[in-house]
Amino acid sequence: EKFARYSRLLPAGVHVLYSFEKPRSVTWTYHTENPQRAASLKKRTLHSISLAEQMYDFPAFNMLTKDGVNVKVDPVMYFKISNVSKAVYNVVDLTASMEQIVETSLRAILSRMSFAEAEGGGFEKHISSDVVRNLSQIMRQWGVTITRLQIQQFMPPKDILNMRHNRLLAAQERDIAIKNAQNELECARLAAERLTLEKKAEADAKAVAINITAIADAKRQEVISKAQAGAVTRLTESFGGDVKADPAMVLKFMNQDRYIASLPTMIGDQSKDRKLVVLPYDASQMTSSLMSSQLAMGLAGGRSNSWERVGR
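Since this is a predicted model, take the numbers as computed values, not measurements.

**Details of the environment of N83**
So, point 1. Tracing the sequence through the fold places N83 in the loop between strand 5 (70-81) and helix 1 (84-89).
So, point 2. Taking the C-alpha atoms as reference, N83 lies 8.9 Å from R140; in sequence the two are 57 residues apart.
So, point 3. Not counting the four nearest positions on each side in its chain, N83 is found in contact with W142 and G143.
So, point 4. A polar atom in the side chain of N83 sits 2.6 Å from the side chain of S85.

**Describing the packing of aromatic side chains**
So, point 1. Tallied over the full model, the rule gives 3 aromatic pairs.
So, point 2. On the numbers, 6.4 Å between centres and 45 degrees between planes, the contact of F58 with F61 is tilted.
So, point 3. Here a set of aromatic residues connected by ring pairs shows up, and it is made of Y56, F58 and F61.
So, point 4. Here the basic side chain of R148 rests over the ring of Y78, its NZ or CZ set 4.1 Å away from the ring centre.

**Considering the nonpolar core**
So, point 1. With 40 residues, the main nonpolar core has L106, F123 and L149 as its most contacted residues.
So, point 2. Contributing elements (two or more residues each) for this core: strand 1 (26-33), strand 4 (61-64), strand 5, helix 1, helix 2 (94-110), helix 3 (115-139) and strand 6 (144-155).
So, point 3. Broken down by element, this core gets its largest block of residues, 8 residues, from helix 3.
So, point 4. Those residues in contact with F123, other than ones at most four positions away along the chain, are V73, L106, I109, L110, M113, E117, A118, I151 and F154.

**Regarding helix 2**
For the α-helix, the turn length of 3.6 residues means that residues three or four positions removed from each other point alike.
So, point 1. Compared with an ideal rise of 1.5 Å per residue, which puts 17 residues at 24 Å, helix 2 spans 24 Å between its outermost C-alpha atoms and is within 8% of the ideal.
So, point 2. Those residues of helix 2 lying buried are L94, T95, M98, E99, V102, E103, S105, L106, I109 and L110. Buried residues of helix 2 fall within an arc of 165 degrees about the axis and therefore sit on the same side.

**Some details on the pattern of salt bridges**
So, point 1. Tallied over the full model, the rule gives 8 salt bridges.
So, point 2. In this structure, the salt-bridge partner of R189 is E186, at a minimum N-O distance of 2.2 Å. Of the two residues, R189 and E186 are both situated in helix 4 (residues 158-238); the distance of 3 residues between them amounts to about one turn of the helix.
So, point 3. Judged by relative accessible area, which is 37%, R189 ranks as partly exposed.
So, point 4. Judged by its relative accessible area of 34%, E186 falls in the partly exposed class.
So, point 5. Taken together, the salt bridges that share partners define one network made up of E186, R189 and E193.

Cut-offs applied
Residues numbered from 1 in each chain as written. Predicted model: local features only at pLDDT ≥ 70, side-chain atom pairs only at ≥ 80, totals over all residues. Heavy atoms only, no water. Helix = DSSP H or I, 4+ residues; strand = E, 2+ residues; numbered from the N terminus. Contact = heavy atoms within 4.5 Å. Polar contact = N/O pair within 3.5 Å; in protein donor to acceptor, adjacent residues only side chain to side chain. Phe/Tyr/Trp six-rings, centres within 6.5 Å; stacked < 30°, edge-to-face > 60°. Lys NZ or Arg CZ within 6 Å of the ring centre and 35° of its normal. Core = buried A, V, L, I, M, F, W, Y, C linked by side-chain atoms within 4.5 Å. Buried < 20%, exposed > 50% of the residue type's maximum accessible area, 1.4 Å probe, protein only. Expected span 1.5 Å × (residues − 1). Arc of directions from axis to C-beta. Salt bridge = Lys/Arg side-chain N within 4 Å of Asp/Glu carboxyl O.

Written out as structure tokens, the structure is:
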């Protein structure tokens, strides 16, 4: 300044001032926080102004939404001083003025929005478009250019936070209960599938066992049939050429021989005063059949005289 009026701007470096020239100092107001996070005002006197981009962390503002919810908004602004003379002479306290104009603009935007809309991202969307453009037009006359304005915190009141916390806990408990029920249902389904598979495996094993038993019985019957056929053939051939043996008579003899062999099993133990007598259903026919068979066998063996006496 020359004679208390603005004369020139001194850039960085060493300069020579005349006796009637005096550098101008400015006093700006800043908000600071102590360790207890209590906001307080602090005035700072500057003899030089930085032209680099600066950050101004505003204090948290209490604001009301359209539906009457009291929220706390904590903004931060990045700016550059493009014209030093305007920043010094066109406004008394640049930082205090910026704080008031930002708070007023944010309060006007938030008062037209509901709490759900503001929290859902509408508030920051309006800030990034409308507020920055309007503030840039206003602060251009102060020699300030706003680069960006952001919201650090958007805090609802404690009762809403507690309600959300309780709702979140209830949702988590519901999800846990649903998951437990789904796990129990899955366990029951797996147990039913296991039981079905076990029953199917048991049925398959029984079917395989029945099949093996049937095959074994068929093989046994085949062996027995072959043995019986061989026995009949040998008995028929043993009668010789003089007597013509009837195969039916040979089979009848074999059946009666098995019948007699099974009599001890049918009678059982006779040691305990048991008086059981088993007779064939037709003893005379059986006796005549046995005698006829023995006669035929005797003739085949060359003892015809003795067998004739027995027959008579």
